[in-house]
Amino acid sequence: MAIQRIASKWEKTIILRQKELIRAYIPETRKYTFEHLKEMIDIHGLVYVKPDRGTYGNGVMSIEPWCDELEPESPVQYKLRFGIQSELYPALEELHAAVSERIDKKFYLIQKGITLLTFRRRKFDIRALVQKTPQKTWETTGFIGRVAAQQKIITNYHGGGSVMPIEELLSPYLEAKEYLQLYKEMKQVGILAAAQLTRKFPNLKEIGLDIAIDEQFKIWILEVNTLPALFPFKKLQNKDIYKKIHRYAVAYGRLKK
């Protein structure tokens, strides 16, 4: 039986939001339109615009109101960021026109922006790997921190980001007891998300959760990938983690022995 994959971020979001226990972890997400952009900016300030289908962070943009700190009386502008580039627009209508040109009628989503924690002034998020065990249950088998390249808005390894153990990234922020509590919650969130998606897609065997931790140490599910990369977990110092990941992936047919 082939391992099931789901390309549409919107479809996965809808399914996850049907489960009350998971809903609180999902940032508000809508289909991209000018009306939704205006409303989301008014509510959240920072928002992210991303393609419904796509990998490696390609096509992701951020938008936020922008004031010149040196001229606090100057009118609010809107800042569009993509890659390491940024552009300022005096009106949201002009920014929307620029975004519309970039997305070229493709289906895009707009999501509440989460202010990520940083490591040496670089943003980071966490990839959680959740796999079907040989006993057919779900287990969150590994975590890896993903640190954005300088000035980039995405943390993806293919976008120049680097991988680090989550203990190193979170230890400046959390005491040991707080870290353990957060760790357990992330493991549980992974299992809940996988189980919920399996209700619609019974042949799922693995998912990768992109998890953000905000400044209040709240967990957010930014995205779910149903073809998660396994190789970054080889970089972890604890080699037992990748051994288990590999063993499970062999059991459900992703990898050969």
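Up top is the structure.
First, a word on what this report is: a plain description of the structure on this page. (Residues numbered from 1 in each chain as written. Predicted model: local features only at pLDDT ≥ 70, side-chain atom pairs only at ≥ 80, totals over all residues. Heavy atoms only, no water.)

### Section: the overall build of the protein
For clarity, the threshold we go by: What counts as a helix is a DSSP run of H or I of at least four residues, what counts as a strand is a run of E of at least two, and both are numbered from the N terminus. The size measure is the radius of gyration over C-alpha atoms, and the globule rule it meets is 2.2 Å times the number of residues to the 0.38 power. Type-normalised accessible area, obtained with a 1.4 Å probe on protein chains alone, sets the label of each residue: buried when under 20%, exposed when over 50%, and partly exposed for intermediate values. Throughout, a contact is declared for two residues whenever any of their heavy atoms are within 4.5 Å.
When its secondary structure is counted, the protein shows seven helices and 12 strands. In terms of overall size, the protein behaves like a compact globule, its C-alpha atoms giving a radius of gyration of 19 Å where 257 residues would be expected to give roughly 18 Å. In terms of its C-alpha atoms, the protein occupies a principal-axis envelope of roughly 60 × 40 × 30 Å. Within the protein, the proportion of its 257 residues that are buried is 49%. For the protein, the proportion of contacts with a sequence separation of at least 24, taken over those separated by at least 6, is 58%.

### So, the environment of Gln 237
Mapped onto the fold, Gln 237 is located in the loop between β12 (219–225) and α7 (239–251). The spatial distance from the C-alpha of Gln 237 to the C-alpha of Met 164 is 9.8 Å, given a sequence separation of 73 residues.

### Some remarks on the nonpolar core
Note on soluble globular proteins: their nonpolar side chains tend to be buried together. Our working rule: In this text, buried Ala, Val, Leu, Ile, Met, Phe, Trp, Tyr and Cys residues form a nonpolar core when linked through side-chain atoms within 4.5 Å.
Ile 126, Leu 170, Met 186, Ile 207, Leu 209, Ile 211 and Ile 213 are the most contacted members of the largest nonpolar core, which totals 37 residues. If you list the elements that add at least two residues to this core, you get α1 (9–17), β8 (122–132), β9 (138–147), α5 (166–170), α6 (176–200), β11 (206–213) and β12. By residue number, the principal contributor to this core is α6, which donates eight residues.

### Observations concerning the pattern of salt bridges
Applicable threshold: One side-chain nitrogen of Lys or Arg within 4 Å of one carboxyl oxygen of Asp or Glu is enough to make a salt bridge.
Taken as a whole, this structure holds 12 salt bridges when the rule is applied. Its salt-bridge partner being Glu 206, residue Arg 5 comes within 2.8 Å of it at the nearest N-O pair. One end of the pair, Arg 5, is in the segment before α1; the other, Glu 206, is in strand β11, and 201 residues separate them in sequence.

### Some thoughts on the pairing of β8
On a regular strand, one side chain projects to one face of the sheet and the next to the other, so that they alternate. Threshold: Paired strands, as defined in this entry, are two strands with at least two bridges between them according to DSSP.
Counting buried residues along β8, nine of its 11 residues qualify, which places the element largely inside the surrounding structure. Inspection of the sheet shows strand β7 (residues 118–119) paired to β8 by two bridges, in the antiparallel sense. What sits directly across from Thr 118, in β8, is Lys 123. Relative to β9, β8 runs antiparallel, the two sharing nine bridges. Residue pairing for β9: Leu 129 is matched across the bridge by Gly 142. In terms of strand pairing, β8 meets β11 through six bridges, oriented antiparallel.

### Here we look at the sheet that holds strand β5 (residues 85–89)
Rules: To get an axis, a line is fitted to the C-alpha atoms, and for a helix only the part in contact is used. The angle between two axes follows their N-to-C directions and goes from 0 to 180 degrees.
Strand order in the open sheet formed by six strands is β1-β6-β2-β3-β4-β5, and the pairing between neighbours is antiparallel. Since the sheet does not close on itself, it has two edges, and those belong to β1 (29–31) and β5, each with one partner. When strand polarity is set aside, the average angle formed by the axes of neighbouring strands in this sheet is 25°. Of the pairings in the sheet, the one linking strand β3 (residues 61–66) to strand β4 (residues 77–82) comprises five bridges and is antiparallel in character. If you follow Ser 62 over to β4, its bridge partner there is Arg 81. Most of the contacts of helix α3 (residues 34–44) go to strand β6 (residues 108–112), to which it runs at about 15°, and overall it touches β1, β2 (47–51), β3, β4 and β6.

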